Each structure stands twice: as C-alpha cells, then as structure tokens.
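Okay, here's what each chain looks like letter by letter:
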There are 2 protein chains.
Amino acid sequence: MSKEIILDNNTEELLRKHRLSVTESRLKILNLFMDQPGALAHGDIEKKAGEKFDRVTVYRTLQTFVEKGIIHTIPTADNSVRYALCRDECSEGHHHDHHVHFICTSCDTTYCLDDVVTPELKLPKGYVAQQIEVLAKGICNECSGK
Amino acid sequence: MSKEIILDNNTEELLRKHRLSVTESRLKILNLFMDQPGALAHGDIEKKAGEKFDRVTVYRTLQTFVEKGIIHTIPTADNSVRYALCRDECSEGHHHDHHVHFICTSCDTTYCLDDVVTPELKLPKGYVAQQIEVLAKGICNECSGK
DNA sequence: TCTGATTTTGCAACAATGTTGTATTTTTGT
DNA sequence: ACAAAAATACAACATTGTTGCAAAATCAGA
Ligand SMILES: [Mn+2]
Ligand SMILES: [Mn+2]
Ligand SMILES: [Zn+2]
Ligand SMILES: [Zn+2]
C-alpha cells in the first residue's frame, strides 16, 4: 500500500513538473511506463488500461505526453509506433532522445539503449541531417542469457 | 509508344526473374517505382494506380513484391510505411538493404541512400544485433540547392 | 473549503486503413 | 487452343485513428 502511494507521488510529481493536471488516467498510464523497462505500443496500453478508460483518452493522453516531452515515439519496421519514457533532458516541444533503440526478435521487447548514442553519418553532397533514428533488431540481454 | 514498350519490357523482365506472373497491376505499380527516385507510401500508390485497380490488389501486390525481394519497406516516424525498389542483391526471403534512408522535411521525399552503409554499433553486453535500420531526417539534395 | 473557470473525459459518430473469403477473370505452360 | 494455376475484384468485416460535444473532474482563487 505504501509502495503504491510512493509510485503515485512520483508520477504525480512528474505530471505537475510538466504543468499537467493530475488525473486518474494519466497516473495510470504513466505508471504503466514506470513499472516496466521497455517500450509500450498503443495496443499494449489499451489492453492494460483500456478496460478502465476510453480508447480516445488513451490516444489523447499519449499525444499529450509526447508533446510535453514525457515520452517519445519509436518507429518500428512493422508500422506500429511504440512509446517510451524520456530522460530528464526532454521538455515541451524539444526532445533530446539521441539514443539507439533495440527490438528483441525473441521476446519482442523494445529497449531504449540510453547509453548508445546515434552515430555520425557521412551523407552525400547536399543532404543535411537534422535528426537520426537508429533501430537495431536482434537478441536482447535477457534472451541471450538463456 | 515505343518507350512504353521498352519500360514494360524492363518491368516484365524483373517480374519474370522473380517467377511472378506478369499482370497489368504488377506492371503498373512496378513502373510507378521505376519512374521516380524516392520511395512510395501505400497511399501514394493507391492514388496513382488505385483508380484502375482495387485497393486489395495494391495491398497484395506490395506484399508480394516485398516477399520476393523486389521492394523493401522503410519505417518512418509517422507510422506510415514507405516502399522502395531493392537493388539486385535482394531475393526471395532475403533482403540485403543495408543502407541509410533519408526523409526530407521540406519536400517529404524519402530516399534510399544506397551508398551510405549502416554504421557499426557498440551495443551493451548481451545484446546482439541482427539488423540495423538508420533513418535520417533533414533537407535533401534538391531542396538545399534552392 | 467552497465556487466558478478551465481542463479532461466519455460517448457517439465517423474516416481511414488493413484483412479475409470467394466467385470470376487472367495468365501460364503444354 | 486448352486445362490448371494464379491473380483480381468485390463484398463484408476488423482494426485503428479522428473529431465534436455534453458531462465530469480538476484546478486556482477567494
Ligand atoms: Mn528511447
Ligand atoms: Mn532503401
Ligand atoms: Zn528479448
Ligand atoms: Zn527535399
């Protein structure tokens, strides 16, 4: 019980920090992200929280979190965006998630490899990169140990 | 007229090479890819060819082309898969498109930068990468010249 | 703590996107 | 030219995402 209160306090604090009103659905969805290491697809969230909340609320909550810099999107090859918590550097309208993402082909978990920075690229003449996304697919830490 | 026949022969040859029967829709869609440098989203193809063909046919044609190694998919941040022609190395079930993709934020064209190979990554202990996708966003060759 | 303004939610209706089964048409190899 | 095989169109459906608005919850100030 006390643990739950602490968790709620954490998420509540995070919401207030980003000047968002504290609501049940936001707390619930934010806790889903806190409670596990990987990323979540919209579908995952809808399954875990959607029984309690409307589908539209989930959409709007995720959209708000992205705009405020609380979570960021991870593009995947199968055309299903996944979401993961941002680190502290991100703020409203300014994301700074310059890290590599990893999708495990065995357990299907998506990881933010926060310590693996996106590499530099030598692009052809005339091309100027503003942002670079790197998505690695393979076997994750957990699965390779087995 | 003769030009059209030459184009058709090219695409026809490509289809036969991959042991696909030559049909009007496959020729048409393949020519769409041939006739322009960038990648195409499903929506683009449906607009350009869909007046003539059923939507389902477009889906199944693209799926077939991907399976046969004629085109490959490009994951994008906005959750809309784009497709582009593969180079010769790809074959049924085995894609070898180890190049960087570039999306222009100005003209929204998606390019395969065939000469920019995906960089190596130093991943944390336990993570083994099988495939790496790199997606760069910025200003393209055409747009930066203006 | 009460209250009015503001924000968020749930609902409904809708649009867009993708999937599946099947009869018909087209293509292919002989 | 023909029979077998493959592809297509159509319909029906499922999933996913969007929008407007009334009701409910939250917030800030008194
Ligand atoms: Mn991340
Ligand atoms: Mn490519
Ligand atoms: Zn794994
Ligand atoms: Zn451009």
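Just above sits the structure.
Rules used throughout
- Residues numbered from 1 in each chain as written.
- Chains lettered and ligands numbered in written order.
- Predicted model: local features only at pLDDT ≥ 70, side-chain atom pairs only at ≥ 80, totals over all residues.
- Heavy atoms only, no water.
- Helix = DSSP H or I, 4+ residues; strand = E, 2+ residues; numbered from the N terminus.
- Buried < 20%, exposed > 50% of the residue type's maximum accessible area, 1.4 Å probe, protein only.
- Contact = heavy atoms within 4.5 Å.
- Areas by Shrake-Rupley, 256 points an atom, 1.4 Å probe, with all protein chains shown as cover.
- Lys, Arg positive; Asp, Glu negative; His and termini not counted.
- Charge placed at Lys NZ, Arg CZ, Asp CG, Glu CD.
- Donors = N, O, S within 2.8 Å, 3.2 Å for Na, K, Ca; no water.
- Tetrahedral: all angles 85-135°; square planar, octahedral: opposite > 155°, others 65-115°.
- Buried area = accessible area lost by both parts, 1.4 Å probe.
- Salt bridge = Lys/Arg side-chain N within 4 Å of Asp/Glu carboxyl O.
- Polar contact = N/O pair within 3.5 Å; in protein donor to acceptor, adjacent residues only side chain to side chain.
- Pairing = 2+ DSSP bridges.

Student: Quick question: what am I supposed to make of the overall build of chain A here?
Tutor: The secondary structure content of chain A amounts to 5 helices and 6 strands. For chain A, the spread of C-alpha atoms along the principal axes amounts to about 55 × 40 × 30 Å. The buried share of chain A, taken over its 146 residues, is 44%. Restricting the contact set of chain A to residue pairs at least 6 apart, pairs at least 24 apart contribute 51%. Carbon and sulfur atoms provide 47% of the accessible area of chain A, an area that totals close to 8,400 Å². With 18 positive and 22 negative side-chain charges, chain A shows a separation of 3 Å between the mean positions of the two kinds.

Student: Teacher, can you tell me more about the coordination of the zinc ion (ligand 3) here?
Tutor: Ideal donor angles around a metal are set by the shape: a four-donor tetrahedron calls for 109.5 degrees, a six-donor octahedron for 90 or 180 degrees. Residue and element names in this part refer to chain A. Coordination sphere of the zinc ion (ligand 3), protein contribution only: C104 (SG), C107 (SG), C140 (SG) and C143 (SG), at 2.2 to 2.4 Å. For the zinc ion (ligand 3), the 4 donor atoms are set out with angles of 104 to 116° between them, so the coordination reads as tetrahedral. Mapped onto the sequence, the donors of the zinc ion (ligand 3) take the spacing C-x2-C-x32-C-x2-C. In this pair, C107 sits in the loop between strand 4 (99-104) and strand 5 (110-117) while C143 sits in helix 5 (residues 141-145), placing the two residues 36 residues apart along the sequence.

Student: Would you mind going over unusual backbone geometry with me for this structure?
Tutor: Both trends apply: most residues other than glycine have a negative phi, and most peptide bonds are in trans. Residue and element names in this part refer to chain A. Its identity as a non-glycine residue notwithstanding, R19 has a phi of 55°, on the positive side. R19 sits in the exposed class, given a relative accessible area of 75%. Located in the positive-phi region is D108, a residue other than glycine, with phi close to 65°. Within the fold, D108 resides in the loop between strand 4 and strand 5.

Student: Just to check I follow, could you spell out the interface of chain B and chain A for this structure?
Tutor: In many analyses, interface size is given as the accessible surface area lost on bringing the parts together. The interface of chain B with chain A comprises 35 residues on the first partner and 35 residues on the second. Summing both partners gives a buried area of about 2,900 Å² for chain B against chain A, and 61% of it is carried by carbon and sulfur. Joining chain B to chain A, the criterion identifies 0 salt bridges. Our count for the contact surface shared by chain B and chain A stands at 12 residue pairs in polar contact (both at pLDDT 80 or more). Elements represented by at least two residues in the side of chain B that touches chain A include exactly strand 4 (99-104), strand 5 (110-117), strand 6 (128-139) and helix 5 (141-145) of chain B. Sheet topology places strand 6 (residues 128-139) of chain A next to strand 6 of chain B; 11 bridges connect them, and they run antiparallel. The residue bridging A:A136 from the neighbouring strand is B:I132, located in strand 6 of chain B.

Function-wise, these values are silent; they only describe arrangement.
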